[in-house]
Amino acid sequence: MFALQNFINGKLQNAASGQWLENIEPATGKAYSRIPRSDAQDVNAAVESAKEAFPAWSKMPIEQRSACLLRLAEAVGANAHDWAEAEARDNGKPVSLALAVDMKRSQQNLAFFATAIQHFASEAHIPSGPEHINYTHRKPIGVVGCISPWNLPLYLFTWKVAPALAAGNCVVAKPSEVTPMTAFLLSTCIEAAGFPPGVFNVVHGLGPEAGEAIVTHKDIKALSFTGGTATGAHIQRATAGSFKKLSLELGGKNAAVVFADADLDQALQTTIRSSFANQGQICLCSSRILIERSVYASFRDRLVEKAQRMVPGDPLRPETKMGAVVSEGHRDKIMGAIEQAVADGGKVLAGGSLAAAPNERCAGGYFVQPTIIEGVPELCDLNQQEVFGPVISLMPFDTEEEALSLANSTAYGLSATLWTQNLQRAHRVAAKMDTGIVWVNCWLVRDLRTPFGGVKSSGVGREGGFEALRFFTEPQNVCVQL
Ligand code: NDP
(Lines give C-alpha, C1' and ligand atoms only; values in the text may rest on other atoms or scores of the structure.)
Protein backbone atom coordinates (compact mmCIF):
# COMPACT_ATOMS: atom_id res chain seq x y z
CA MET A 1 0.00 0.00 0.00
CA PHE A 2 1.32 3.46 -0.89
CA ALA A 3 2.98 5.06 2.14
CA LEU A 4 3.07 8.82 2.72
CA GLN A 5 5.98 10.34 4.63
CA ASN A 6 6.69 13.36 6.76
CA PHE A 7 8.91 16.08 5.33
CA ILE A 8 11.30 17.21 8.06
CA ASN A 9 14.57 19.10 7.65
CA GLY A 10 14.43 18.72 3.90
CA LYS A 11 13.96 14.92 3.97
CA LEU A 12 11.02 12.64 3.44
CA GLN A 13 10.89 10.26 6.39
CA ASN A 14 8.68 7.91 8.37
CA ALA A 15 7.37 8.68 11.86
CA ALA A 16 10.06 8.16 14.50
CA SER A 17 7.81 5.64 16.24
CA GLY A 18 7.49 3.62 13.02
CA GLN A 19 3.72 3.63 13.45
CA TRP A 20 1.16 4.12 10.67
CA LEU A 21 -2.45 5.12 10.21
CA GLU A 22 -4.74 3.88 7.47
CA ASN A 23 -5.96 6.42 4.94
CA ILE A 24 -9.49 5.63 3.77
CA GLU A 25 -11.02 6.61 0.43
CA PRO A 26 -14.49 8.02 1.28
CA ALA A 27 -16.08 6.90 -2.00
CA THR A 28 -15.19 3.25 -1.38
CA GLY A 29 -14.78 3.00 2.38
CA LYS A 30 -11.49 1.15 1.79
CA ALA A 31 -7.97 1.98 2.95
CA TYR A 32 -5.83 2.93 -0.02
CA SER A 33 -2.68 4.35 1.56
CA ARG A 34 -1.06 4.75 4.94
CA ILE A 35 0.33 7.78 6.68
CA PRO A 36 2.95 8.25 9.40
CA ARG A 37 1.42 8.32 12.87
CA SER A 38 3.68 11.10 14.08
CA ASP A 39 3.98 12.27 17.66
CA ALA A 40 5.98 14.75 19.75
CA GLN A 41 9.30 13.21 18.64
CA ASP A 42 8.61 14.12 15.01
CA VAL A 43 7.28 17.57 15.89
CA ASN A 44 10.35 18.22 18.06
CA ALA A 45 12.63 17.23 15.17
CA ALA A 46 10.71 19.54 12.83
CA VAL A 47 10.88 22.44 15.30
CA GLU A 48 14.63 21.95 15.86
CA SER A 49 15.29 22.03 12.11
CA ALA A 50 13.02 25.06 11.72
CA LYS A 51 14.87 26.93 14.49
CA GLU A 52 18.15 26.22 12.77
CA ALA A 53 16.86 27.38 9.39
CA PHE A 54 15.19 30.55 10.71
CA PRO A 55 18.13 33.01 10.87
CA ALA A 56 19.09 32.52 7.23
CA TRP A 57 15.53 32.27 5.89
CA SER A 58 14.31 35.36 7.73
CA LYS A 59 17.27 37.38 6.42
CA MET A 60 17.02 36.08 2.88
CA PRO A 61 16.06 38.87 0.44
CA ILE A 62 12.31 39.00 -0.05
CA GLU A 63 12.69 38.37 -3.79
CA GLN A 64 14.40 35.04 -3.11
CA ARG A 65 11.77 33.89 -0.64
CA SER A 66 9.14 34.99 -3.10
CA ALA A 67 10.81 32.99 -5.90
CA CYS A 68 10.65 29.80 -3.80
CA LEU A 69 6.91 30.29 -3.29
CA LEU A 70 6.36 31.06 -6.96
CA ARG A 71 8.16 27.85 -7.96
CA LEU A 72 5.94 25.92 -5.55
CA ALA A 73 2.88 27.59 -7.11
CA GLU A 74 4.14 26.45 -10.52
CA ALA A 75 4.46 22.90 -9.20
CA VAL A 76 0.77 22.97 -8.19
CA GLY A 77 -0.16 24.22 -11.66
CA ALA A 78 1.99 21.63 -13.42
CA ASN A 79 0.50 18.77 -11.37
CA ALA A 80 -3.05 20.15 -11.14
CA HIS A 81 -4.79 17.30 -12.98
CA ASP A 82 -3.04 14.51 -11.04
CA TRP A 83 -3.38 16.29 -7.72
CA ALA A 84 -7.06 17.05 -8.32
CA GLU A 85 -7.62 13.34 -8.79
CA ALA A 86 -5.62 12.66 -5.62
CA GLU A 87 -7.76 15.22 -3.73
CA ALA A 88 -10.99 13.66 -5.04
CA ARG A 89 -9.86 10.20 -3.97
CA ASP A 90 -8.68 11.39 -0.56
CA ASN A 91 -11.64 13.65 0.28
CA GLY A 92 -14.60 12.33 -1.73
CA LYS A 93 -15.16 15.63 -3.56
CA PRO A 94 -15.85 15.62 -7.32
CA VAL A 95 -12.65 15.71 -9.35
CA SER A 96 -14.05 18.58 -11.44
CA LEU A 97 -14.47 20.67 -8.26
CA ALA A 98 -11.01 19.72 -7.02
CA LEU A 99 -9.52 20.94 -10.28
CA ALA A 100 -11.62 24.09 -10.73
CA VAL A 101 -11.57 25.24 -7.11
CA ASP A 102 -9.02 23.46 -4.91
CA MET A 103 -6.05 23.26 -7.26
CA LYS A 104 -6.68 26.66 -8.81
CA ARG A 105 -6.93 28.35 -5.43
CA SER A 106 -3.94 26.47 -3.96
CA GLN A 107 -1.78 27.75 -6.79
CA GLN A 108 -3.22 31.26 -6.34
CA ASN A 109 -2.58 31.23 -2.58
CA LEU A 110 1.12 30.52 -3.08
CA ALA A 111 1.51 33.02 -5.91
CA PHE A 112 -0.56 35.67 -4.14
CA PHE A 113 1.53 35.71 -0.96
CA ALA A 114 4.77 35.37 -2.96
CA THR A 115 3.95 38.74 -4.49
CA ALA A 116 1.99 40.29 -1.59
CA ILE A 117 5.12 40.24 0.54
CA GLN A 118 6.84 42.43 -2.04
CA HIS A 119 4.19 45.11 -1.49
CA PHE A 120 3.94 44.78 2.27
CA ALA A 121 5.45 47.74 4.05
CA SER A 122 5.33 48.69 7.69
CA GLU A 123 4.01 51.97 9.05
CA ALA A 124 5.90 55.17 9.77
CA HIS A 125 4.66 58.32 11.52
CA ILE A 126 6.72 61.22 10.29
CA PRO A 127 6.73 63.59 11.96
CA SER A 128 5.23 62.52 15.29
CA GLY A 129 5.03 66.02 16.68
CA PRO A 130 7.93 68.43 16.10
CA GLU A 131 10.63 66.38 17.81
CA HIS A 132 10.06 62.69 17.09
CA ILE A 133 9.51 60.17 14.38
CA ASN A 134 8.02 56.71 14.84
CA TYR A 135 8.38 53.71 12.61
CA THR A 136 7.31 50.11 13.01
CA HIS A 137 9.43 47.11 12.19
CA ARG A 138 7.47 44.02 11.21
CA LYS A 139 9.68 41.12 12.09
CA PRO A 140 9.07 37.44 11.29
CA ILE A 141 8.04 35.62 14.43
CA GLY A 142 10.24 32.52 14.22
CA VAL A 143 8.82 29.01 14.10
CA VAL A 144 5.07 28.93 13.51
CA GLY A 145 2.50 26.12 13.39
CA CYS A 146 -0.18 25.69 10.72
CA ILE A 147 -2.99 23.19 11.28
CA SER A 148 -5.63 22.71 8.59
CA PRO A 149 -8.86 20.69 8.21
CA TRP A 150 -10.07 18.07 5.73
CA ASN A 151 -12.75 19.92 3.78
CA LEU A 152 -10.51 21.98 1.46
CA PRO A 153 -7.26 20.12 2.07
CA LEU A 154 -4.60 21.75 -0.13
CA TYR A 155 -6.57 24.99 -0.48
CA LEU A 156 -6.53 25.76 3.27
CA PHE A 157 -3.08 24.24 3.84
CA THR A 158 -1.51 26.64 1.32
CA TRP A 159 -3.66 29.54 2.59
CA LYS A 160 -1.76 29.26 5.88
CA VAL A 161 1.75 28.21 4.95
CA ALA A 162 2.13 30.75 2.11
CA PRO A 163 1.86 33.94 4.22
CA ALA A 164 3.84 32.36 7.05
CA LEU A 165 6.77 31.52 4.75
CA ALA A 166 6.53 34.74 2.75
CA ALA A 167 6.86 36.76 5.95
CA GLY A 168 10.11 34.96 6.78
CA ASN A 169 8.95 32.38 9.31
CA CYS A 170 9.82 28.70 9.34
CA VAL A 171 6.81 26.41 9.40
CA VAL A 172 5.71 23.16 10.98
CA ALA A 173 2.44 22.26 9.26
CA LYS A 174 -0.03 19.45 9.81
CA PRO A 175 -2.82 18.63 7.37
CA SER A 176 -5.85 16.72 8.62
CA GLU A 177 -5.11 13.06 9.09
CA VAL A 178 -8.33 12.38 7.17
CA THR A 179 -7.03 14.06 3.97
CA PRO A 180 -3.22 14.09 4.01
CA MET A 181 -2.48 13.24 0.37
CA THR A 182 -2.11 16.59 -1.38
CA ALA A 183 -0.06 18.14 1.44
CA PHE A 184 2.24 15.13 1.05
CA LEU A 185 2.41 15.63 -2.73
CA LEU A 186 3.23 19.30 -2.18
CA SER A 187 5.96 18.33 0.27
CA THR A 188 7.67 16.28 -2.46
CA CYS A 189 8.17 19.56 -4.38
CA ILE A 190 9.49 21.75 -1.55
CA GLU A 191 13.16 20.96 -2.05
CA ALA A 192 13.05 21.49 -5.82
CA ALA A 193 11.30 24.83 -5.26
CA GLY A 194 14.46 25.99 -3.46
CA PHE A 195 13.37 26.09 0.18
CA PRO A 196 16.39 25.39 2.39
CA PRO A 197 16.07 22.33 4.70
CA GLY A 198 14.07 23.06 7.83
CA VAL A 199 12.16 26.05 6.45
CA PHE A 200 8.97 24.17 5.56
CA ASN A 201 8.19 20.97 7.46
CA VAL A 202 5.10 18.80 7.03
CA VAL A 203 4.15 16.39 9.81
CA HIS A 204 1.29 13.90 9.44
CA GLY A 205 -0.73 12.29 12.18
CA LEU A 206 -3.67 12.59 14.51
CA GLY A 207 -4.90 15.91 15.91
CA PRO A 208 -4.63 14.91 19.58
CA GLU A 209 -1.08 13.54 19.00
CA ALA A 210 0.89 15.37 16.29
CA GLY A 211 -1.50 18.37 16.37
CA GLU A 212 -1.36 18.67 20.12
CA ALA A 213 2.46 18.48 20.03
CA ILE A 214 2.51 21.49 17.68
CA VAL A 215 -0.01 23.41 19.79
CA THR A 216 1.90 22.90 23.04
CA HIS A 217 5.48 23.18 21.74
CA LYS A 218 7.21 25.97 23.64
CA ASP A 219 9.24 27.14 20.63
CA ILE A 220 6.25 27.52 18.30
CA LYS A 221 5.38 31.15 18.80
CA ALA A 222 2.30 31.51 16.62
CA LEU A 223 -0.39 29.13 15.51
CA SER A 224 -2.78 29.42 12.60
CA PHE A 225 -5.60 26.91 12.98
CA THR A 226 -8.68 26.16 10.87
CA GLY A 227 -11.10 23.55 12.14
CA GLY A 228 -13.99 22.92 14.46
CA THR A 229 -15.06 25.32 17.21
CA ALA A 230 -14.55 22.70 19.95
CA THR A 231 -10.96 22.09 18.81
CA GLY A 232 -10.38 25.85 18.61
CA ALA A 233 -11.60 26.28 22.18
CA HIS A 234 -9.32 23.45 23.29
CA ILE A 235 -6.34 25.12 21.58
CA GLN A 236 -7.12 28.43 23.25
CA ARG A 237 -7.17 26.73 26.66
CA ALA A 238 -4.05 24.66 25.94
CA THR A 239 -2.05 27.76 24.97
CA ALA A 240 -3.45 30.15 27.58
CA GLY A 241 -0.30 30.27 29.69
CA SER A 242 2.19 30.42 26.84
CA PHE A 243 0.98 33.62 25.14
CA LYS A 244 1.24 32.21 21.65
CA LYS A 245 -0.22 34.33 18.91
CA LEU A 246 -3.38 32.58 17.68
CA SER A 247 -5.47 32.80 14.55
CA LEU A 248 -8.53 30.56 14.86
CA GLU A 249 -10.84 30.06 11.87
CA LEU A 250 -13.70 27.93 13.17
CA GLY A 251 -17.19 26.69 12.34
CA GLY A 252 -20.23 28.44 10.93
CA LYS A 253 -24.02 28.24 10.80
CA ASN A 254 -24.44 30.63 7.94
CA ALA A 255 -27.73 32.19 6.90
CA ALA A 256 -28.82 32.96 3.35
CA VAL A 257 -31.55 35.59 3.54
CA VAL A 258 -33.85 35.73 0.52
CA PHE A 259 -36.03 38.86 0.32
CA ALA A 260 -39.06 38.84 -1.96
CA ASP A 261 -37.54 41.61 -4.10
CA ALA A 262 -34.49 39.50 -5.01
CA ASP A 263 -33.64 38.13 -8.44
CA LEU A 264 -35.13 34.81 -7.37
CA ASP A 265 -33.72 32.78 -10.26
CA GLN A 266 -30.21 33.87 -9.41
CA ALA A 267 -30.87 33.36 -5.70
CA LEU A 268 -32.09 29.85 -6.39
CA GLN A 269 -29.12 28.83 -8.55
CA THR A 270 -26.63 30.12 -6.05
CA THR A 271 -28.44 28.82 -2.97
CA ILE A 272 -28.32 25.29 -4.37
CA ARG A 273 -24.56 25.72 -4.79
CA SER A 274 -24.03 27.47 -1.45
CA SER A 275 -25.96 24.70 0.30
CA PHE A 276 -24.56 21.59 -1.33
CA ALA A 277 -21.16 22.40 -2.89
CA ASN A 278 -18.48 20.02 -1.62
CA GLN A 279 -21.36 18.02 -0.05
CA GLY A 280 -22.10 21.02 2.19
CA GLN A 281 -18.64 20.69 3.75
CA ILE A 282 -17.44 24.27 3.35
CA CYS A 283 -17.33 26.48 6.42
CA LEU A 284 -19.06 29.17 4.32
CA CYS A 285 -21.94 26.99 3.10
CA SER A 286 -25.42 28.34 3.79
CA SER A 287 -27.13 25.96 6.17
CA ARG A 288 -30.13 28.13 7.16
CA ILE A 289 -32.17 29.52 4.30
CA LEU A 290 -34.43 32.34 5.52
CA ILE A 291 -37.11 33.20 2.94
CA GLU A 292 -39.58 36.09 3.00
CA ARG A 293 -43.04 34.59 3.52
CA SER A 294 -44.65 35.98 0.37
CA VAL A 295 -42.24 33.93 -1.81
CA TYR A 296 -41.57 31.13 0.69
CA ALA A 297 -43.70 28.37 -0.85
CA SER A 298 -42.63 28.93 -4.45
CA PHE A 299 -38.93 29.34 -3.61
CA ARG A 300 -39.03 26.26 -1.34
CA ASP A 301 -40.68 24.11 -4.01
CA ARG A 302 -38.16 25.11 -6.67
CA LEU A 303 -35.26 24.48 -4.26
CA VAL A 304 -36.65 21.05 -3.38
CA GLU A 305 -37.13 20.16 -7.03
CA LYS A 306 -33.51 21.07 -7.82
CA ALA A 307 -32.13 19.21 -4.79
CA GLN A 308 -34.05 16.07 -5.72
CA ARG A 309 -32.33 16.07 -9.09
CA MET A 310 -28.86 16.10 -7.50
CA VAL A 311 -27.59 12.54 -7.25
CA PRO A 312 -24.22 11.80 -5.66
CA GLY A 313 -21.79 10.15 -8.07
CA ASP A 314 -18.31 8.60 -8.14
CA PRO A 315 -15.94 11.49 -7.29
CA LEU A 316 -13.45 10.28 -9.89
CA ARG A 317 -15.93 10.55 -12.78
CA PRO A 318 -15.60 13.88 -14.63
CA GLU A 319 -19.39 14.42 -14.85
CA THR A 320 -19.96 14.06 -11.07
CA LYS A 321 -21.29 17.20 -9.37
CA MET A 322 -21.72 15.80 -5.85
CA GLY A 323 -19.45 13.22 -4.24
CA ALA A 324 -19.06 11.34 -0.97
CA VAL A 325 -18.87 12.87 2.51
CA VAL A 326 -15.45 12.63 4.07
CA SER A 327 -15.66 9.69 6.47
CA GLU A 328 -17.86 7.06 8.02
CA GLY A 329 -17.90 8.94 11.33
CA HIS A 330 -18.85 12.17 9.63
CA ARG A 331 -21.60 10.44 7.62
CA ASP A 332 -23.05 9.08 10.86
CA LYS A 333 -22.88 12.54 12.47
CA ILE A 334 -24.82 14.01 9.51
CA MET A 335 -27.45 11.26 9.66
CA GLY A 336 -27.75 11.81 13.42
CA ALA A 337 -28.40 15.52 12.85
CA ILE A 338 -31.18 14.68 10.36
CA GLU A 339 -32.78 12.26 12.86
CA GLN A 340 -32.61 14.88 15.59
CA ALA A 341 -34.19 17.50 13.32
CA VAL A 342 -37.10 15.16 12.62
CA ALA A 343 -37.46 14.46 16.36
CA ASP A 344 -37.57 18.24 16.87
CA GLY A 345 -40.57 18.52 14.54
CA GLY A 346 -38.81 19.00 11.20
CA LYS A 347 -40.35 17.81 7.95
CA VAL A 348 -37.95 16.35 5.39
CA LEU A 349 -38.78 17.83 1.97
CA ALA A 350 -35.86 16.38 0.01
CA GLY A 351 -33.33 13.65 0.77
CA GLY A 352 -33.02 12.65 4.40
CA SER A 353 -31.38 9.29 3.71
CA LEU A 354 -28.15 7.72 2.63
CA ALA A 355 -27.74 7.86 -1.15
CA ALA A 356 -27.30 4.73 -3.23
CA ALA A 357 -23.73 3.91 -4.27
CA PRO A 358 -23.23 5.22 -7.82
CA ASN A 359 -21.36 2.10 -9.01
CA GLU A 360 -19.77 -1.12 -7.80
CA ARG A 361 -16.44 0.54 -7.03
CA CYS A 362 -18.23 2.82 -4.58
CA ALA A 363 -20.34 0.12 -2.90
CA GLY A 364 -18.81 0.81 0.55
CA GLY A 365 -18.72 4.62 0.18
CA TYR A 366 -20.26 7.35 2.30
CA PHE A 367 -22.98 8.99 0.21
CA VAL A 368 -25.71 11.23 1.66
CA GLN A 369 -28.65 12.68 -0.25
CA PRO A 370 -28.91 16.48 -0.41
CA THR A 371 -31.43 17.14 2.33
CA ILE A 372 -33.89 19.99 2.89
CA ILE A 373 -35.86 20.25 6.11
CA GLU A 374 -38.49 22.78 7.19
CA GLY A 375 -40.41 23.41 10.37
CA VAL A 376 -37.57 23.03 12.87
CA PRO A 377 -37.93 25.56 15.71
CA GLU A 378 -35.37 28.36 15.73
CA LEU A 379 -33.54 27.21 18.84
CA CYS A 380 -33.30 23.49 17.97
CA ASP A 381 -30.01 21.88 16.99
CA LEU A 382 -30.48 22.01 13.21
CA ASN A 383 -30.73 25.80 13.40
CA GLN A 384 -28.02 26.24 15.99
CA GLN A 385 -25.35 23.55 15.58
CA GLU A 386 -23.04 23.12 12.61
CA VAL A 387 -23.82 19.93 10.65
CA PHE A 388 -21.13 20.47 8.00
CA GLY A 389 -22.92 18.27 5.49
CA PRO A 390 -25.55 18.48 2.72
CA VAL A 391 -28.38 19.43 5.06
CA ILE A 392 -30.22 22.76 5.10
CA SER A 393 -33.07 24.17 7.14
CA LEU A 394 -35.72 26.48 5.66
CA MET A 395 -37.45 29.19 7.71
CA PRO A 396 -39.94 31.87 6.64
CA PHE A 397 -39.81 35.47 7.88
CA ASP A 398 -42.17 38.43 7.64
CA THR A 399 -40.02 41.51 8.29
CA GLU A 400 -36.46 42.69 7.90
CA GLU A 401 -36.12 42.81 11.70
CA GLU A 402 -37.25 39.20 12.00
CA ALA A 403 -34.83 38.11 9.28
CA LEU A 404 -31.97 39.80 11.13
CA SER A 405 -32.97 38.34 14.44
CA LEU A 406 -33.11 34.81 12.97
CA ALA A 407 -29.84 35.26 11.10
CA ASN A 408 -28.01 36.49 14.20
CA SER A 409 -29.53 33.96 16.59
CA THR A 410 -26.69 31.42 16.68
CA ALA A 411 -23.42 31.29 18.57
CA TYR A 412 -21.59 31.41 15.23
CA GLY A 413 -20.75 34.43 13.11
CA LEU A 414 -18.77 33.47 10.04
CA SER A 415 -20.69 34.58 6.96
CA ALA A 416 -24.12 35.54 5.62
CA THR A 417 -25.58 35.90 2.14
CA LEU A 418 -28.26 38.47 1.29
CA TRP A 419 -30.55 38.36 -1.71
CA THR A 420 -32.29 41.65 -2.50
CA GLN A 421 -32.39 44.21 -5.27
CA ASN A 422 -33.03 47.03 -2.82
CA LEU A 423 -29.70 48.82 -2.50
CA GLN A 424 -30.45 50.56 0.78
CA ARG A 425 -31.72 47.37 2.35
CA ALA A 426 -28.61 45.50 1.21
CA HIS A 427 -26.29 47.97 2.96
CA ARG A 428 -28.54 48.32 6.01
CA VAL A 429 -28.94 44.60 6.64
CA ALA A 430 -25.29 43.78 5.83
CA ALA A 431 -24.12 46.26 8.45
CA LYS A 432 -26.32 44.61 11.10
CA MET A 433 -25.17 41.04 10.45
CA ASP A 434 -23.04 39.62 13.27
CA THR A 435 -20.64 37.97 10.85
CA GLY A 436 -17.13 38.53 9.57
CA ILE A 437 -18.22 38.24 5.94
CA VAL A 438 -21.38 39.24 4.05
CA TRP A 439 -22.11 38.46 0.41
CA VAL A 440 -24.83 40.41 -1.37
CA ASN A 441 -26.38 38.70 -4.41
CA CYS A 442 -23.41 36.36 -4.70
CA TRP A 443 -21.59 33.70 -2.70
CA LEU A 444 -18.00 32.54 -2.20
CA VAL A 445 -16.54 35.30 -4.32
CA ARG A 446 -13.12 35.70 -2.80
CA ASP A 447 -10.68 38.52 -3.41
CA LEU A 448 -7.57 37.29 -1.61
CA ARG A 449 -6.77 40.81 -0.41
CA THR A 450 -9.89 41.01 1.74
CA PRO A 451 -10.01 40.10 5.45
CA PHE A 452 -11.38 36.62 6.06
CA GLY A 453 -12.68 35.26 9.36
CA GLY A 454 -15.54 35.12 11.80
CA VAL A 455 -16.87 36.61 15.01
CA LYS A 456 -18.36 34.93 18.10
CA SER A 457 -17.74 31.15 18.07
CA SER A 458 -16.54 31.30 14.46
CA GLY A 459 -13.10 32.39 15.48
CA VAL A 460 -10.53 34.94 16.44
CA GLY A 461 -8.43 36.94 14.02
CA ARG A 462 -8.47 37.50 10.29
CA GLU A 463 -6.64 35.86 7.42
CA GLY A 464 -6.23 37.14 3.89
CA GLY A 465 -4.06 39.78 2.28
CA PHE A 466 -2.01 41.99 4.57
CA GLU A 467 -4.03 40.75 7.59
CA ALA A 468 -2.26 37.39 7.24
CA LEU A 469 1.14 39.05 6.83
CA ARG A 470 0.43 41.15 9.93
CA PHE A 471 -0.49 38.01 11.85
CA PHE A 472 2.73 36.27 10.85
CA THR A 473 4.93 39.23 11.86
CA GLU A 474 5.61 40.88 15.19
CA PRO A 475 5.42 44.68 15.14
CA GLN A 476 8.12 46.58 16.98
CA ASN A 477 7.75 50.33 17.18
CA VAL A 478 10.84 52.54 17.25
CA CYS A 479 10.51 56.13 18.44
CA VAL A 480 13.41 58.46 17.62
CA GLN A 481 14.14 61.90 19.07
CA LEU A 482 15.08 64.22 16.24
P1 NDP B 1 -11.13 19.56 13.55
O2 NDP B 1 -11.20 20.66 14.54
O3 NDP B 1 -11.52 18.20 13.98
O4 NDP B 1 -9.68 19.41 12.96
C5 NDP B 1 -8.97 20.47 12.33
C6 NDP B 1 -7.50 20.17 12.37
O7 NDP B 1 -7.07 20.19 13.72
C8 NDP B 1 -7.11 18.80 11.83
O9 NDP B 1 -5.84 18.86 11.23
C10 NDP B 1 -7.07 17.98 13.08
O11 NDP B 1 -6.27 16.85 12.93
C12 NDP B 1 -6.46 18.97 14.05
N13 NDP B 1 -6.69 18.71 15.46
C14 NDP B 1 -7.70 18.02 16.04
N15 NDP B 1 -7.54 17.99 17.39
C16 NDP B 1 -6.41 18.71 17.65
C17 NDP B 1 -5.71 19.05 18.85
N18 NDP B 1 -6.11 18.66 20.05
N19 NDP B 1 -4.62 19.80 18.75
C20 NDP B 1 -4.19 20.20 17.55
N21 NDP B 1 -4.78 19.90 16.38
C22 NDP B 1 -5.89 19.16 16.44
O23 NDP B 1 -11.98 20.05 12.30
P24 NDP B 1 -12.31 19.24 11.00
O25 NDP B 1 -11.06 18.74 10.35
O26 NDP B 1 -13.41 18.28 11.32
O27 NDP B 1 -12.84 20.39 10.05
C28 NDP B 1 -14.15 20.79 10.00
C29 NDP B 1 -14.35 22.09 10.77
O30 NDP B 1 -13.51 23.09 10.25
C31 NDP B 1 -15.75 22.60 10.66
O32 NDP B 1 -16.19 23.04 11.92
C33 NDP B 1 -15.60 23.79 9.73
O34 NDP B 1 -16.58 24.77 9.90
C35 NDP B 1 -14.26 24.29 10.10
N36 NDP B 1 -13.73 25.11 9.02
C37 NDP B 1 -13.61 26.47 9.23
C38 NDP B 1 -13.15 27.29 8.21
C39 NDP B 1 -12.96 28.75 8.43
O40 NDP B 1 -12.21 29.33 7.67
N41 NDP B 1 -13.58 29.37 9.41
C42 NDP B 1 -12.83 26.75 6.88
C43 NDP B 1 -12.99 25.32 6.79
C44 NDP B 1 -13.42 24.54 7.83
P45 NDP B 1 -6.91 15.42 12.51
O46 NDP B 1 -7.98 15.67 11.51
O47 NDP B 1 -5.74 14.74 11.96
O48 NDP B 1 -7.44 14.84 13.77
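Look up a bit, the structure's there.
This one's a predicted model, so the numbers in the text were calculated from it and none came from an experiment. (Residues numbered from 1 in each chain as written. Predicted model: local features only at pLDDT ≥ 70, side-chain atom pairs only at ≥ 80, totals over all residues. Heavy atoms only, no water.)

Now for the side chain of Ser 106. Structurally, Ser 106 is set in helix H4 (residues 95-116). Within the structure, Ser 106 has its side chain in polar contact with the backbone oxygen of Asp 102 (distance 2.6 Å). Not counting residues within four places of it along the chain, the set of residues in contact with Ser 106 comprises Val 76, Leu 154, Tyr 155 and Thr 158. (Helix = DSSP H or I, 4+ residues; strand = E, 2+ residues; numbered from the N terminus. Polar contact = N/O pair within 3.5 Å; in protein donor to acceptor, adjacent residues only side chain to side chain. Contact = heavy atoms within 4.5 Å.)

Moving on, we come to unusual backbone geometry. Positive phi, normally seen in glycine, also occurs at Asn 278, with a value near 55°. With respect to the helices and strands, Asn 278 occurs in the loop between helix H9 (264-276) and strand S14 (286-292). Among the residues examined, Asn 278 registers a relative accessible area of 2% and is labelled buried. With a phi angle near 60°, Leu 444 is a residue other than glycine that sits in the positive phi range. Here Leu 444 is to be found in the loop between strand S20 (437-440) and strand S21 (455-456). (Buried < 20%, exposed > 50% of the residue type's maximum accessible area, 1.4 Å probe, protein only.)

This part covers the site of the ligand. Within the structure, the ligand sits among 30 residues, and Glu 177, Thr 231, Leu 250, Cys 283 and Glu 386 are positioned closest to it. Between the ligand and Glu 386 there is a distance of 2.5 Å, counted from an oxygen atom to a side-chain nitrogen or oxygen. Calculation on the ligand without its partners gives an accessible area of 900 Å², and the protein chains cover 89% of this total. Every element with two or more residues in the shell around the ligand is listed here: helix H7 (207-216), strand S11 (220-226) and helix H8 (229-238). With four residues, the single largest contributor to the shell around the ligand is H7. Residues that form the shell around the ligand fall into these classes: 13 nonpolar, 12 polar and five charged. (Near = heavy atom within 4 Å. Areas by Shrake-Rupley, 256 points an atom, 1.4 Å probe, with all protein chains shown as cover. Nonpolar A, V, L, I, M, F, W, Y, C, P; charged D, E, K, R; others polar.)

Here we come to the pattern of salt bridges. Inspection of every chain in the model, using the stated rule, returns 22 salt bridges. A salt bridge links Asp 219 to Lys 218; its shortest N-O distance comes to 3.1 Å. The exposure class assigned to Asp 219 is buried, which follows from its relative accessible area of 15%. Counted as one network, the salt bridges with shared partners bring together Glu 25, Arg 89, Asp 314 and Arg 361. (Salt bridge = Lys/Arg side-chain N within 4 Å of Asp/Glu carboxyl O.)

Applying the stated criterion across every chain, the model contains 10 aromatic pairs. For the ring pair Phe 120 and Phe 466, a centre distance of 5.3 Å and an interplane angle of 50° mean the geometry is tilted. Of this pair, Phe 120 sits in the loop between H4 and strand S6 (124-128) while Phe 466 is found in helix H15 (residues 465-471), placing the two residues 346 residues apart along the sequence. Phe 120 gets classed as buried once you look at its relative accessible area, which sits at 16%. You can call Phe 466 partly exposed: its relative accessible area is 33%. Taken together, Trp 57, Phe 157, Phe 195 and Phe 200 form an aromatic cluster joined through their ring pairs. Looking at Arg 34, its charged tip hangs above the ring of Trp 20, at a distance of 4.1 Å from the centre. (Phe/Tyr/Trp six-rings, centres within 6.5 Å; stacked < 30°, edge-to-face > 60°. Lys NZ or Arg CZ within 6 Å of the ring centre and 35° of its normal.)

The next point concerns the sheet that holds strand S5 (residues 30-36). The strand order S1-S5-S4 describes an open sheet built from three strands, whose pairing is mixed. Only two strands of the sheet have a single partner each, and these edge strands are strand S1 (2-3) and strand S4 (20-25). Where S4 meets S5, six bridges bridge the pair, whose relative direction is antiparallel. Considered in S5, the bridge of Asn 23 is made with Ser 33. (Pairing = 2+ DSSP bridges.)

It is a general feature of regular strands that their side chains alternate between the two faces of the sheet. Taken across its five residues, strand S13 (residues 254-258) has five buried, putting it largely inside the fold. On S13, burial covers both faces: Asn 254, Ala 256 and Val 258 on one face and Ala 255 and Val 257 on the other are all buried. As judged from the five bridges shared by S13 and S14, these two strands associate in the parallel manner. Note that in S14 the partner of Val 258 across the bridge is Ile 291. Between the parallel elements S13 and S14, the chain passes through H9 in a crossover that is right-handed. In terms of strand pairing, S13 meets strand S19 (residues 415-419) through four bridges, oriented parallel. Looking at the pairing, Val 258 lines up with Trp 419 of S19. (Right-handed = clockwise from strand over helix to strand, strands pointing away.)

This brings us to the environment of Glu 22. Relative to the helices and strands, Glu 22 is located in strand S4. The exposure class of Glu 22 is exposed, given its relative accessible area of 54%. As for Glu 22 and Ile 35, which are separated by 13 residues in sequence, their C-alpha atoms are 6.4 Å apart. Discounting residues that sit within four places of it in the chain, Glu 22 has contacts with Ala 31 and Ser 33.

Right, let's talk about the environment of Ala 192 for a bit. By secondary structure assignment, the location of Ala 192 is in the loop between helix H6 (181-187) and strand S10 (200-202). Owing to a relative accessible area of 70%, Ala 192 belongs among the exposed residues under this scheme. With 121 residues separating them along the chain, Ala 192 and Arg 71 place their C-alpha atoms 8.3 Å apart.

Looking now at the nonpolar core. Judged by nonpolar contacts, the single largest core of 100 residues is most densely connected at Phe 195 and Phe 200. Of the residues forming this core, the biggest block, 10 residues, is contributed by helix H5 (residues 153-166). Sequence-distant contacts of Phe 200, defined by excluding residues within four places in its chain, comprise Phe 7, Leu 72, Phe 157, Val 161, Leu 165, Val 171, Ala 173, Leu 186 and Ile 190. Residues Ala 256, Ala 262, Ala 307 and Leu 349 belong to the second largest nonpolar core, which totals 22 residues. (Core = buried A, V, L, I, M, F, W, Y, C linked by side-chain atoms within 4.5 Å.)

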